[in-house]
Amino acid sequence: MTDGSVVDDSALGTDVAKTDASHVAVETGSVSTAEVPLTTGQLEREGDIAADYIEEFLDICDLDGDIDIDARNGRAYLSVKASDADNLRLLSKPETVNALQELTRLAVQNKTGSFSRLILDIGGSREAREAELAALVARAIARIEAGATEADLPAMSSYERKLVHDIVGTSDGYRSESSGEGRDRHTVITAA
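Since this is a predicted model, take the numbers as computed values, not measurements. (Residues numbered from 1 in each chain as written. Predicted model: local features only at pLDDT ≥ 70, side-chain atom pairs only at ≥ 80, totals over all residues. Heavy atoms only, no water.)

A. Structural view of helix α3 (residues 125-145). Along its 21 residues, α3 runs 30 Å from first to last C-alpha, staying within 8% of the 30 Å computed at 1.5 Å per residue. Taken as a whole, α3 has its buried residues at S125, R126, R129, L133, L136, V137, A140, I141 and I144. Considered in projection along α3, the buried side chains sweep an arc of 150° and stay on one side of the axis. Along α3, the residues that are exposed and aim more than 90 degrees away from the buried face are E127 and E145. Just downstream of α3, G147 is the residue with a positive phi angle, here 125°. (Helix = DSSP H or I, 4+ residues; strand = E, 2+ residues; numbered from the N terminus. Expected span 1.5 Å × (residues − 1). Buried < 20%, exposed > 50% of the residue type's maximum accessible area, 1.4 Å probe, protein only. Arc of directions from axis to C-beta.)

Okay, structure coming up:
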C-alpha cells in the first residue's frame, strides 16, 4: 500500500479456506490443475450428507432447526433456521459457524472422498457477514475518496473475497483485486 492506510476490522471473523490438488489453489496459487465443477447431482449429494451431519449435531445439542439445502454457483449451501431465533444464537456466531462449516466439510469429504466447498449458514449468519463486508467496503471507499490511493482489507477466505469483489463491482468508479498468498490473501480496492 502506498500511503500506509489499511482498513481493518479484527472483530470480523474469517473463514480460512482449505484446498487440495483437485482444486485450483486460489489461496496459494501453487497448484496449476483446473477446477472441475461438480454436477448438480454431486452438489445435492454433498448437501444431503452435510444435512445429515448437521441434523445429528443439532440433536446432540438438543437444538431445534430446519435445514434447507441448495446448490448454486458450484457449491452446496446449507441454511439452518429456527422459529425461535434464540435457539441458534450461540451457533450463529461467525467463529462457530466457520468451525462447524469446516467440520461439516470434513464429514462430507469422509463420505465422498473429495474436497467440499459447501457453505453453511446458521440463523442468518451469512447475511450478517455480507452486511459486515459491505460496511467494510464502504469504509475502504471512503478512505479512497479522502485521498488514499488504495485500501487493503484484512485477509479473508476466497468466498468472502468473492463477496467483496461483487460488492465493489456494484460501486461505480472502483475496482478490487486479491493480493498476497495463503492465509495473508486479501483484497485491495482502488479507484478505477
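Now that the structure is up, let's keep going.
B. Broad picture of the sheet that holds strand β4 (residues 150-152). Judged by pairing direction, the sheet is antiparallel, and its three strands sit side by side in the order β4-β6-β5 without closing on themselves. Each end of this open sheet is capped by a strand with a single partner; those strands are β4 and β5 (174-179). In this sheet, neighbouring strand axes are inclined to one another by 20° on average, regardless of whether the strands run parallel or antiparallel. Running at roughly 40° to strand β6 (residues 186-191), α3 makes contact with β4, β5 and β6 of the sheet. Along the sheet face, helix α4 (residues 158-169) touches β5 and β6 and points at about 165° away from the line of β5. (Pairing = 2+ DSSP bridges. Axes fitted to C-alpha atoms, helices over the stretch in contact; angles between N-to-C directions. Contact = heavy atoms within 4.5 Å.)

C. Layout of the sheet that holds strand β1 (residues 66-72). Here three strands make up an open sheet; going across it, the order is β1-β2-β3 and the pairing mixed. Edge positions in the sheet fall to β1 and β3 (119-122), since each of these pairs with one other strand and no more. Sheet twist, expressed as the mean angle between neighbouring strand axes with direction ignored, is 15°. In this structure, β1 lies alongside strand β2 (residues 75-81), joined through seven bridges in antiparallel fashion. Paired with I67 across the bridge in β2 is V80.

D. Here's a closer look at the packing of helix α1 (residues 40-61) against helix α2 (residues 94-112). Two elements in contact, α1 and α2, have axes whose closest approach is 9 Å; the angle formed by their N-to-C orientations is 125°. Classed by the angle they form, the pair α1 and α2 counts as oblique. The handedness of the crossing between α1 and α2 comes out as right-handed. Across the interface between the two elements, R45, E46, I49, A50, Y53, I54 and F57 from α1 touch L100, L103, T104, A107, V108, K111 and T112 from α2. Residues that form the contact of α1 with α2 fall into these classes: nine nonpolar, two polar and three charged. (Parallel < 35°, antiparallel > 145°, perpendicular 65-115°, else oblique. Left-handed = near helix turned anticlockwise from the far one by under 90°. Nonpolar A, V, L, I, M, F, W, Y, C, P; charged D, E, K, R; others polar.)

E. Inspection of unusual backbone geometry at higher detail. At D62, a residue that is not glycine, the phi angle is positive and equals roughly 55°. For D62, a relative accessible area of 69% gives the class exposed.

F. Quick look at the pattern of salt bridges. As enumerated under the stated definition, the model contains seven salt bridges in all. A salt bridge links R129 to E160, with the nearest nitrogen and oxygen atoms 2.6 Å apart. With R129 in helix α3 and E160 in helix α4, the pair connects residues that are 31 residues apart, well separated along the chain. Exposure class is identical for R129 and E160. Each is buried. Of the charged contacts in the structure, one is a salt bridge between R175 and E177, with a shortest N-O distance of 3.2 Å. The partly exposed category is assigned to R175, whose relative accessible area is 44%. (Salt bridge = Lys/Arg side-chain N within 4 Å of Asp/Glu carboxyl O.)

G. Molecular detail of a negative patch on the surface. Taken together, E44, D48, D52, E55, E56, D59, D62, D64, D66, D84 and D86 make up a surface patch of like negative charges. Considering the arrangement of structural elements, one finds D84 in the loop between β2 and α2. Of the residues examined, D84 reaches a relative accessible area of 45% and is grouped as partly exposed. (Patch = residues over 30% accessible without salt bridge, like charges linked within 9 Å, V, L, I, M, F, W, Y side chains within 5 Å. Areas by Shrake-Rupley, 256 points an atom, 1.4 Å probe, with all protein chains shown as cover. Lys, Arg positive; Asp, Glu negative; His and termini not counted. Charge placed at Lys NZ, Arg CZ, Asp CG, Glu CD.)

H. Region of the structure containing the packing of α3 against α4. Two elements in contact, α3 and α4, have axes separated by 10 Å at closest approach and are oriented at 55°. The orientation of α3 relative to α4 falls into the category oblique. The handedness of the crossing between α3 and α4 is right-handed. Facing R126, R129, E130, L133, A134 and V137 of α3, the residues of α4 in contact are Y159, E160, L163, V164, I167 and V168. Classifying every residue of the contact of α3 with α4 by side-chain character gives eight nonpolar, no polar and four charged.

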